[in-house]
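Understanding the architecture of this molecule
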Amino acid sequence: DLMADEQSNLPKELSEKYMITKKIGVGVCGEVKLAFERATCKKVALKTINKKDFPASVGTATRSAEREIQILQKIDHPCLIKTKDFFQTDDSYYIFLELMEGGELFDRVKSKQQIKEPIAKLYFYQMLKAVEYLHNNGIIHRDLKPENVLLSSHDDVCVIKITDFNQSKILEESALMRTLCGTPTYLAPEVFTDAVTVGYSRAVDAWSLGVVLFVCLAGYPPFYPDARIGLSVSDQITQGIYTFIPSKWDGISDDAKDVVKKLLRVDPNVRLTIEEALQHPWLMDEAMKETAEGIMYPKDSRDADGTADSGDATVASTGKRSREDEEE
Ligand SMILES: Cc1n[nH]c(N)c1-c1cccs1
């Protein structure tokens, strides 16, 4: 396990409760270690965010870490990583998270080159359900990528969980919403015309899932630096220019390609929403959904009548959030 001095740096209460061992990965804001809860011998992941690692932006690092912790503690869905425990000292945050033995989706795609279409569909369905839950609770992830999707085991058929909420945004009632509720006697016309496009910030998650699905199916990204394309990556993205390389895509269904095309629409107003993606023919696959629901809500956590666990309920009693629940 850890060198003695590393262990001694930890808060006493933490090291009495957990034994920290080897490094199992690196998150955006710090490293991740394997830990054991002494009382139960259960394995957990410890993510350490060292405030000193961000000298220039210590303020934002703290704020983003605190926002991430605030979000992490509020959410409850089988495909969103759960916080098991939390400690902090003057210079670090210690966040204990569910351990996902299968590691990152990024490494799975790298090792398999391409993920088989039925497995990619099973993972993608779970990502859609997780992001549907976030959006229904007024949370936008804003940093969805294969590094932030973890796998529960080394088997193809497994639960996936999304992690790293430090770029997330919580949507609050905006000044624009309050303005639009009042009498518009003195209100300028552009306030109304601008209002039409406000509220699509959640569409960024749909785009990112489109890129993740493309990478899972094809084994290469839709937008990447390549002199032969003659465009920067940002220009490829803003112009929506990508290629379905035949040798990679020939064995993949037209329905799968269609979902990718409709998620990678440059205009967020016409891009497929998460809800619409869940209704797409490619996802109208009862066998896949049965498998997914079975691993997301294993029978030991189901009620007598077999209904799903409360995990799927939205945390806020408000249920679905409309587009207007957006910041300006
Ligand atoms: C969090 C978490 N839980 N289980 C694993 N493998 C992680 C990792 C995140 C980033 C690298 S490893």
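Located above this text is the structure these notes cover.
Residues numbered from 1 in each chain as written. Predicted model: local features only at pLDDT ≥ 70, side-chain atom pairs only at ≥ 80, totals over all residues. Heavy atoms only, no water.

All residues in the neighbourhood of the ligand are listed as Ile24, Gly25, Val26, Val32, Ala45, Leu97, Glu98, Leu99, Met100, Glu104 and Leu150. Within the backbone of Met100, an N or O atom sits 2.9 Å from a nitrogen atom of the ligand. Here the ligand, which alone exposes 320 Å², has 94% of that area covered by the protein. If you map the ligand onto the pockets, it falls in the largest pocket. Of all the secondary-structure elements, those providing two or more residues to the shell around the ligand are β1 (18-27) and β5 (92-98). In terms of residue count, the dominant contributor to the shell around the ligand is β1 (three residues). Partitioned by chemical class, the residues of the shell around the ligand number eight nonpolar, one polar and two charged. (Near = heavy atom within 4 Å. Polar contact = N/O pair within 3.5 Å; in protein donor to acceptor, adjacent residues only side chain to side chain. Areas by Shrake-Rupley, 256 points an atom, 1.4 Å probe, with all protein chains shown as cover. 1 Å grid on protein atoms, 1.4 Å probe; cavity = no way out; pocket = protein on both sides within 12 Å on 5 of 7 lines; lining within 4 Å. Sits in = over half its atoms within 2 Å of the grid points. Helix = DSSP H or I, 4+ residues; strand = E, 2+ residues; numbered from the N terminus. Nonpolar A, V, L, I, M, F, W, Y, C, P; charged D, E, K, R; others polar.)

Attention now goes to the packing of helix α8 (residues 203-218) against helix α11 (residues 254-263). In contact at an axis separation of 8 Å, α8 and α11 are set at 145 degrees when each is read in the N-to-C sense. Here the hand of the crossing between α8 and α11 comes out left-handed. Of the residues in α11, those touching α8 at Ala206, Trp207, Leu209, Gly210, Leu213, Phe214 and Leu217 are Ala256, Val259, Val260 and Leu263. In terms of residue class, the contact of α8 with α11 is made up of 10 nonpolar, one polar and no charged. (Axes fitted to C-alpha atoms, helices over the stretch in contact; angles between N-to-C directions. Left-handed = near helix turned anticlockwise from the far one by under 90°. Contact = heavy atoms within 4.5 Å.)

Further remarks concern the packing of aromatic side chains. All chains considered together, the criterion is met by 14 aromatic pairs. Arranged with centres 5.4 Å apart and planes meeting at 85 degrees, the rings of Tyr242 and Phe244 form a pair that is edge-to-face. Among the aromatic residues, those joined into a ring-pair cluster are Trp207, Phe214, Tyr220, Phe223, Tyr224, Tyr242, Phe244 and Trp249. In this structure, Lys51 is placed above the aromatic ring of Tyr93, and the distance from its NZ or CZ to the ring centre is 4.5 Å. (Phe/Tyr/Trp six-rings, centres within 6.5 Å; stacked < 30°, edge-to-face > 60°. Lys NZ or Arg CZ within 6 Å of the ring centre and 35° of its normal.)

Residues Leu105, Tyr123, Phe124, Met127, Phe214, Leu217 and Trp249 are the most contacted members of the largest nonpolar core, which totals 69 residues. Beyond its immediate sequence surroundings of up to four residues, Trp249 is in contact with Phe214, Leu217, Ala218, Tyr220, Thr243, Phe244, Lys257 and Val260. Counting 10 residues, the second-largest nonpolar core is a separate cluster that includes Leu10, Ile20, Ala35 and Phe87. (Core = buried A, V, L, I, M, F, W, Y, C linked by side-chain atoms within 4.5 Å. Buried < 20%, exposed > 50% of the residue type's maximum accessible area, 1.4 Å probe, protein only.)

Next up on the list: α11. Within α11, burial applies to Ala256, Lys257, Val259, Val260 and Leu263. The buried residues of α11 occupy one face: seen down the axis, they fall within an arc of 155 degrees. Those residues of α11 hidden inside the fold are in contact with α5 (117-136), α8 and α10 (246-249). (Arc of directions from axis to C-beta.)

In this structure the tally under the stated criterion is 17 salt bridges. Two residues, Lys262 and Asp258, come together in a salt bridge whose shortest N-O distance is 2.8 Å. In this pair, Lys262 and Asp258 both sit in helix α11, four residues apart, roughly one turn of the helix. Note on Lys262: relative accessible area 25%, which makes it partly exposed. Overall, Asp258 belongs to the partly exposed group, its relative accessible area being 23%. Look at the salt bridges and you will find they share partners, linking Lys23, Glu31 and Lys33 into a network. (Salt bridge = Lys/Arg side-chain N within 4 Å of Asp/Glu carboxyl O.)

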